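Structural overview
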Amino acid sequence: MSTLTLGIIVIIYMFVIAWLGYLGYRQTKNASDYLLGGRKVNPIIMALSYGATFISASAIVGFGGVAATFGMGIQWLCLLNMFMGVVVAFIFFGRRTRKLGEAHNARTFPQLLGLHYKSRSIQIFIASIIFIGMPLYTAVVMKGGAVFIEQMFHIDLHLALLIFTLIVAAYVITGGIKGVLYTDALQAVIMFACMLFLLFWFYHIMDMGFIEANQKLTDIAPMVPERFKALGHQGWTAMPISGSSQWYTLVTSLILGVGIGCLAQPQLVVRFMMVESTKQLNRGVLIGCVFLIVTVGAIYHVGALSNLFFLKTEGVVASEAVKDMDKIIPLFINKAMPEWFGAVFMLCILSASMSTLSAQFHTMGAAFGADAFPKLGRSKNPNSTLGVRIGVLCSILVSYVICYTLSASIIARGTALFMGICAATFLPTYFCSLYWKGATRQGALASLWVGGLASLFAMLFLHKAEAAPVGLCKALFGQDVLIDVYPWHAIDPILFALPLSAITIVLVSLATQKKAF
């Protein structure tokens, strides 16, 4: 398909997105509309938006590349995402979050916990973590979308990144959460349809069935590159060797980091507060489960099976055909799929990236303008959203700059990193706000600090994947990590920080209950 045709398709898509963003702008009358859609969002729209926000380009491009490189063990993440990210999130967290948000008239995640614990410090702390930490995750998603545009249009990555960023910025800044929700719903439908086609088309072009394909993938286990065998890789249908460095990365970082971290994602939590009733939340469970199992399950499955395609066409497995795992899926789509599907799948990647980015930008903007600086731009108009819009703009600029510093094969790891930080920092305090009346503001604040600092300390001084590139530990102590004994430097920070954070809120709350509000 010619670049001109691709361009026309993308332009039409962008016009539709712009129109949906304009609808959001027309229906946004005050701060409540801009932040929560007036708490009257259709449950189907909410569920589709939740799923589209959950599944970003990092899931498709980054984690798909991980599946192609290391195999189907990543499917455990798909199951955990569906169970934790939808069933547990909607039923055990969503219902109580909606009621708590309505009781406190909270419009953001930091505000929800700050008002519950009657602590402005808690609200500011959470908003600061969001505004400072989320740009890393956002930059990862931006890179995923830009890389795919670069591969499809054969244009410079910097130009692709600039165009992509400007488009998302336009409808988030103007349309608020309604613009985000409407565009998310369309993007979710595109993603769902593309993943289904991708799965069925793979079996069609390879002329084999499900069982045969899996068996052939099992049979080529001896072709695992030596550099991956040294990490514990045993084949694309087997888990890595238990206790190996790859096992720790897969299980503690990717599966647990993302699988548990999704429960404390501010941009997801806030969606529970957008619907009118608990009954409407219940309707979203089935939609969310089906969406995740198809979109994520399909790309992880096809990602691993892409080794058979590359072996057939290139004579080597996927990781040998492309050294940068972030570029495996774009290359596979370009070579294996029909030309017309390349354009449609590009819309899928754009949809995945834009839906997640729009939610992230909106969340960071809200943290800045509604939580950290609530009076900004409201001296004359109390319903002004100027502060939030300024926050959105600042977060876009910061994320854009960070994107240029990212290394190769960072997409999946960056996603897991941020979600792990959210779990360790926010999850105990968030959970206790819903289920334990004995939690005090002192316990909540202490837990937030311990979770955040423990995550930071582990990343800078204990976990080699982050500590070595940063180099602070090397500069101070002359070695990459403080404990250079295997497996300590391979264990993800979430396994250190989350238990410490949970223990802290319990102990400090018990010690300060007499002083509780």
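Rules and cut-offs
Residues numbered from 1 in each chain as written. Predicted model: local features only at pLDDT ≥ 70, side-chain atom pairs only at ≥ 80, totals over all residues. Heavy atoms only, no water. Core = buried A, V, L, I, M, F, W, Y, C linked by side-chain atoms within 4.5 Å. Buried < 20%, exposed > 50% of the residue type's maximum accessible area, 1.4 Å probe, protein only. Helix = DSSP H or I, 4+ residues; strand = E, 2+ residues; numbered from the N terminus. Domains from an automatic or database assignment. Salt bridge = Lys/Arg side-chain N within 4 Å of Asp/Glu carboxyl O. Phe/Tyr/Trp six-rings, centres within 6.5 Å; stacked < 30°, edge-to-face > 60°.

**Quick look at the nonpolar core**
Counting 147 residues, the largest nonpolar core has Leu198, Phe332, Phe345, Leu350 and Tyr430 as the members making the most contacts within it. The leading source of residues in this core is helix α8 (residues 157-206), at 16 residues. Built from parts of two domains, this core gets at least three residues from each of domain 1 (1-101 + 140-354) and domain 2 (435-516).

**Let's talk about the pattern of salt bridges**
Under the counting rule described, the total for this entry stands at seven salt bridges. The partner of Arg271 in a salt bridge is Asp184, with the nearest N and O atoms 3.5 Å apart. Note that Arg271 is positioned in the loop between α12 (266-269) and α13 (278-313) and Asp184 in helix α8, a separation of 87 residues in sequence. Note on Asp184: relative accessible area 0%, which makes it buried. Note that Lys216 is salt-bridged to Glu212, the shortest N-O span being 3.6 Å. Taken together, the residues span about one helical turn, with Lys216 and Glu212 both in helix α9 (residues 210-219) at a distance of four residues. Judged by its relative accessible area of 38%, Lys216 falls in the partly exposed class.

**Points about the packing of aromatic side chains**
The relative placement of two aromatic rings is captured by the distance of their centres and the angle of their planes. In this structure the tally under the stated criterion is 26 aromatic pairs. Ring plane angle 45 degrees and centroid distance 5.3 Å describe the contact between Phe93 and Tyr430, whose orientation is recorded as tilted. Here the residue Phe93 occupies a position in helix α5 (residues 75-104), and Tyr430 occupies one in helix α18 (residues 411-435), the gap between them amounting to 337 residues. Seen in terms of ring centroids, Phe457 and Phe461 are 5.2 Å apart; in terms of plane orientation they differ by 35 degrees. Their pairing is tilted. Here the residue Phe457 and the residue Phe461 both occupy positions in helix α19 (residues 441-461), the gap between them amounting to four residues, near one helical turn. A relative accessible area of 40% places Phe457 in the partly exposed class. Through a chain of ring-to-ring contacts, the aromatic side chains of Phe93, Phe109, Phe426, Tyr430, Phe431 and Tyr435 assemble into a single cluster.

**Here we look at the environment of Lys375**
Looking at the element boundaries, Lys375 is found in the loop between α16 (339-372) and α17 (386-403). Here Lys375 falls in the exposed class, since its relative accessible area comes to 73%. In sequence terms Lys375 and Gly259 are 116 residues apart; their C-alpha atoms lie 36 Å from each other.

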